[in-house]
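Survey of secondary and tertiary structure
So you can see what is in the structure, the chains are spelled out below.
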Amino acid sequence: DIQMTQSPSSLSASVGDRVTITCRASQSISSSYLNWYQQKPGKAPKLLMYGASNLQSGVPSRFSGSGSGTDFTLTISSLQPEDFATYYCQQSYSTPWTFGQGTKVEIK
Amino acid sequence: EVQLVESGGGLVQPGGSLRLSCAASGFTFSSYSMNWVRQPPGKGLEWVSYISGGSSTIYYSDSVKGRFTISRDNAMNSLYLQMNTLRAEDTAVYYCARAGGAYNFESWGQGTLVTVSS
């Protein structure tokens, strides 16, 4: 199984801050199969980015993604109040499809 | 608008069975693969099972293989998860999720809570 490890597990940031979340896969995966999700408390997850760097329809352009091989990042260029949530990376390269443990972005 | 509505969750004793349903609308159901993904209370996400549009391809995670069965009825626009021999560690919110390109989880339902406890 491919293990996905996110860092940090949580972070505190202020509105307007630039935030970067890292996701590392236990083996190399095609970037086409790396996805990011946002989940707010009590709500279902929402697909943010697919293929490492492609914004899902309707997602603000302050979100961006990059990476290849085993190392990927999600960046929020200027944190907004509605961005406080938990973020998960996920690989869909090989079954079982696996998620990172999540990164909780909290208000400072 | 894509809508996925799960139902069938509840409290069940260890060793018991439960059948979850997911009603789909707003898209051509038979053209899309579907998944079940679960989330134990306060914890992260775990993919459970996948079924292709015509039911020809099915995958399970090792943690549920042999106990859970995924199925679909394209005429009824519905997805199912038959869960047998339930364990305490199966306690979670279960989401149905439509597959996007490259097997991501493109759209999600609101989830249904399954609690396995005596």
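In this report, we go over the structure that sits alongside the text. (Residues numbered from 1 in each chain as written. Chains lettered and ligands numbered in written order. Predicted model: local features only at pLDDT ≥ 70, side-chain atom pairs only at ≥ 80, totals over all residues. Heavy atoms only, no water.)

What the rule picks out here adds up to 17 aromatic pairs over all chains. Each ring, one from Tyr-37 of chain A and one from Phe-105 of chain B, has its centre 6.2 Å from the other, and the planes form 35 degrees; the classification is tilted. Highlighted residues: Tyr-37 of chain A in strand β4 (residues 34–39) and Phe-105 of chain B in strand β10 (residues 105–108), drawn from two different chains. A single burial state applies to Tyr-37 of chain A and to Phe-105 of chain B, both of which are buried. Arranged with centres 5.1 Å apart and planes meeting at 25 degrees, the rings of Trp-97 of chain A and Tyr-103 of chain B form a pair that is stacked. (Phe/Tyr/Trp six-rings, centres within 6.5 Å; stacked < 30°, edge-to-face > 60°. Helix = DSSP H or I, 4+ residues; strand = E, 2+ residues; numbered from the N terminus. Buried < 20%, exposed > 50% of the residue type's maximum accessible area, 1.4 Å probe, protein only.)

Attention shifts here to the pairing of strand β4 (residues 34–39) of chain B. All names here are of chain B. Summarising burial for β4: six of the six residues are buried, a large majority. Side chains Met-34, Trp-36 and Arg-38 project from β4 onto one buried face, and the interleaved Asn-35, Val-37 and Gln-39 project onto a second face that is buried too. Here β4 runs beside strand β5 (residues 46–51); their pairing, made up of five bridges, is antiparallel. Across the sheet, residue Asn-35 finds its bridge partner in β5, namely Tyr-50. Where β4 hands over to β5, the hairpin turn is made up of six residues, of which Gly-42 adopts a positive phi near 75 degrees. Judged from the six bridges that link them, β4 and strand β9 (residues 92–99) form a sheet pairing that is antiparallel. Its bridge partner being in β9, Val-37 is matched across the sheet by Tyr-95. (Pairing = 2+ DSSP bridges.)

Residue and element names in this part refer to chain A. Taken in spatial order, the three strands of this open sheet run β1-β3-β7, and their pairing is antiparallel. Unpaired on one side and paired on the other, β1 (4–7) and β7 (63–76) mark the two borders of the sheet. Shown here is a sheet whose adjacent strand axes are inclined to one another by a mean of 20 degrees, direction ignored. Judged from the seven bridges that link them, strand β3 (residues 19–29) and β7 form a sheet pairing that is antiparallel. Paired with Arg-24 across the two strands is Asp-71, which belongs to β7. (Axes fitted to C-alpha atoms, helices over the stretch in contact; angles between N-to-C directions.)

Moving on to the state of the cysteines. Two cysteines form a disulfide when their sulfur atoms are joined by a covalent bond. All names here are of chain B. Applying the stated criterion to the full structure yields two disulfides over all chains. Note that Cys-22 is cross-linked by a disulfide to Cys-96, the S-S spacing being 2.0 Å. One disulfide, between Cys-22 and Cys-96, carries an S-S torsion of 50 degrees and so falls in the right-handed class. In this pair, Cys-22 sits in strand β3 (residues 18–25) while Cys-96 sits in strand β9, placing the two residues 74 residues apart along the sequence. (Disulfide = S-S within 2.5 Å.)

Chain B puts 18 residues into the contact, and the matching count from chain A is 18 residues. Both sides together, the interface formed by chain B and chain A hides about 1500 Å², and carbon and sulfur atoms give 67% of it. Across the chain B-chain A interface, the total number found is zero salt bridges. Remark: the boundary between chain B and chain A carries five residue pairs in polar contact (both at pLDDT 80 or more). Partitioning the side of chain B that touches chain A into residue classes produces 10 nonpolar, five polar and three charged. (Contact = heavy atoms within 4.5 Å. Buried area = accessible area lost by both parts, 1.4 Å probe. Salt bridge = Lys/Arg side-chain N within 4 Å of Asp/Glu carboxyl O. Polar contact = N/O pair within 3.5 Å; in protein donor to acceptor, adjacent residues only side chain to side chain. Nonpolar A, V, L, I, M, F, W, Y, C, P; charged D, E, K, R; others polar.)

The next subject is the nonpolar core. Grouped together as the largest cluster of nonpolar side chains are 25 residues, with contacts concentrated most on Met-4, Ile-21, Leu-34, Trp-36, Leu-48, Leu-74 and Tyr-87 of chain A. The biggest single contributor to this core is β3 of chain A, with five residues. When residues no more than four places from it in sequence are discounted, the contact partners of Leu-48 of chain A are Trp-36, Tyr-37, Gln-38, Asn-54, Leu-55, Gln-56, Val-59, Phe-63, Leu-74 and Tyr-87 of chain A. In this structure, Val-12, Ala-24, Trp-36 and Leu-81 of chain B belong to the second largest nonpolar core, which totals 24 residues. (Core = buried A, V, L, I, M, F, W, Y, C linked by side-chain atoms within 4.5 Å.)

This part covers the sheet that holds strand β1 (residues 3–7) of chain B. Residues and elements named next belong to chain B. With respect to topology, four strands assemble into an open sheet ordered β1-β3-β8-β7, the strand pairing being antiparallel. One side of each edge strand has no neighbouring strand; the edge strands of this open sheet are β1 and β7 (68–73). Neighbour-to-neighbour, the strand axes of this sheet turn through a mean angle of 15 degrees, independent of strand direction. Pairing geometry for β7 and strand β8 (residues 78–83), over six bridges, is antiparallel.

Applying the stated criterion across every chain, the model contains nine salt bridges over all chains. Across the pair Arg-62 of chain A and Glu-82 of chain A runs a salt bridge, and its minimum N-O distance is 3.3 Å. Taken together, the positions of Arg-62 of chain A in the loop between β6 (54–55) and β7 and Glu-82 of chain A in the loop between β7 and β8 (86–91) put the pair 20 residues apart, joining distant regions of the chain. Look at Arg-62 of chain A and you get buried, because its relative accessible area is 17%. Glu-82 of chain A sits in the partly exposed class, given a relative accessible area of 42%. The shortest N-O distance in the salt bridge between Lys-65 of chain B and Asp-62 of chain B comes to 3.2 Å. With a relative accessible area of 49%, Lys-65 of chain B lands in the partly exposed category. Judged by its relative accessible area of 60%, Asp-62 of chain B falls in the exposed class. Each of Arg-38, Glu-46, Arg-67 and Asp-90 of chain B takes part in a single network of salt bridges with overlapping partners.

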